[in-house]
Amino acid sequence: MTNTRVLDFEKPIVELEGKIRELKLLLAGGNEDMAKEIERLEARASQLQREHYAQLSAWEQLQLAKHPDRPYTFDYVGEITTDFVELKGDRAYHDDPAIVAGMGRLRGRRVMIIGHQKGRNTKENVLRNFGMARPEGYRKCQRLMRLAQQFKLPIICLIDTAGAYPGIGAEERGQAEAIAASLELMAALRVPTISVVIGEGGSGGALAIGLTNRILMLEHAVYSVISPRGCASILWKNPEAEQTAAEQLRMTAEDLLNFGVCDGIIREAIGGAHRGLTVTAAALEQALDEHLIELAKLSPEQLIEDRYAKFRAIGHIESRADASAE
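Residues numbered from 1 in each chain as written. Predicted model: local features only at pLDDT ≥ 70, side-chain atom pairs only at ≥ 80, totals over all residues. Heavy atoms only, no water.

K.L.:
How do you make sense of unusual backbone geometry when you look at a structure like this?
P.N.:
Backbone phi values are negative for most residues with the exception of glycine, while trans is the configuration of most peptide bonds. At N129, a residue that is not glycine, the phi angle is positive and equals roughly 55°. Of note, N129 is situated in the loop between α5 (122–128) and α6 (135–150). In this structure N129 comes out as buried when scored by relative accessible area, which is 9%. Phi is positive for S203, close to 55°, though the residue is something other than glycine. Inspection of the secondary structure puts S203 in helix α9 (residues 203–207). (Helix = DSSP H or I, 4+ residues; strand = E, 2+ residues; numbered from the N terminus. Buried < 20%, exposed > 50% of the residue type's maximum accessible area, 1.4 Å probe, protein only.)

See the structure below:
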């Protein structure tokens, strides 16, 4: 994928990489001194990348999660599965392209994969509605989850949405009911379920396919009850305060792992998934395989109990006395 936008904190690295490319073009005659300079600059670029991406702020993580070149569901499906067949439609209204789904094989194991899908350009984003699903999208999910249960297929959900679509038509067709029905269904599924936040995990639109036995997050993904911009609009009546909101929401993978919401972090290629799809997809495939092997040992009843226990354990209550002591 070709980068179309360079984030502010990426500029030093991108500029250094540009200099390295220029030097390589000049190295037509095999000059030994220049070869050593290129080697030194490449080592410096790697060091800069490790330093930059090891200590990003929540706001910078959010920028990476929303990067226009970040891989989407179909990008990962193409890397981690074979024999993938897309399935469409909710059998009640029509197909919602904001959510894609189908059956395939992951390391030889048959799985059902469901995920949000954004577009790469204006035309695709109009078709995909920027990855914001309507009720028929979640009803498609429900249909295919029941199908997966019927054929005893593990379910993998790839989350990447700013939220469910809040349009009038979506509300008229029962957006809230569709999300609630998805949650009710997923809580009682008798097959292993894993969700992975691959980019944005926004509000009920993300949670609707996130009530699973395991919740994993890519290193630079975010997961939150509301978008920072929406939070800033409500709390401070100022949408421009979204950077402050991003820090307060504690929405990064590290934060959510500490809170017990996330069960594991999948490391991305240095510089983010958009700079190394193959490396990131390989890490994703490995993590999914390990968790599927673990969940396969549980009976249908144990899977339901495991899911229930996971969500009951999320969060903690801090007493007034404990808060005062701190």
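K.L.:
What's the story with helix α10 (residues 228–235) in this structure? I'm lost.
P.N.:
Note on helix geometry: an α-helix contains 3.6 residues per turn, so any two residues three or four positions apart are oriented the same way. Those residues of α10 lying buried are P228, C231 and A232. Each buried residue of α10 sits inside an arc of 100° when the element is viewed along its axis, so together they form one side. Buried residues along α10 sit against α3 (58–65) and α11 (242–248). Directly beyond the C-terminal end of α10, a positive phi value near 55° is found at K237. (Arc of directions from axis to C-beta. Contact = heavy atoms within 4.5 Å.)

K.L.:
Can you walk me through the packing of aromatic side chains in this structure?
P.N.:
The relation between two aromatic rings is expressed through the spacing of the ring centres and the mutual angle of the planes. Under the definition given, this model contains 1 aromatic pair. Centroid distance F74 to F84: 6.5 Å. Interplanar angle 80°. Geometry classified as edge-to-face. In this pair, F74 is assigned in helix α4 (residues 73–80) and F84 in strand β1 (residues 82–86), connecting sequence segments 10 residues apart. Look at F84 and you get partly exposed, because its relative accessible area is 25%. Cation over ring: R120 sits above Y72, and NZ or CZ is 4.0 Å from the ring centre. The side chain of R134 reaches across the aromatic face of Y165, ending 4.8 Å from its centre. (Phe/Tyr/Trp six-rings, centres within 6.5 Å; stacked < 30°, edge-to-face > 60°. Lys NZ or Arg CZ within 6 Å of the ring centre and 35° of its normal.)

Keep in mind that these numbers describe shape and distance, not what the molecule does.
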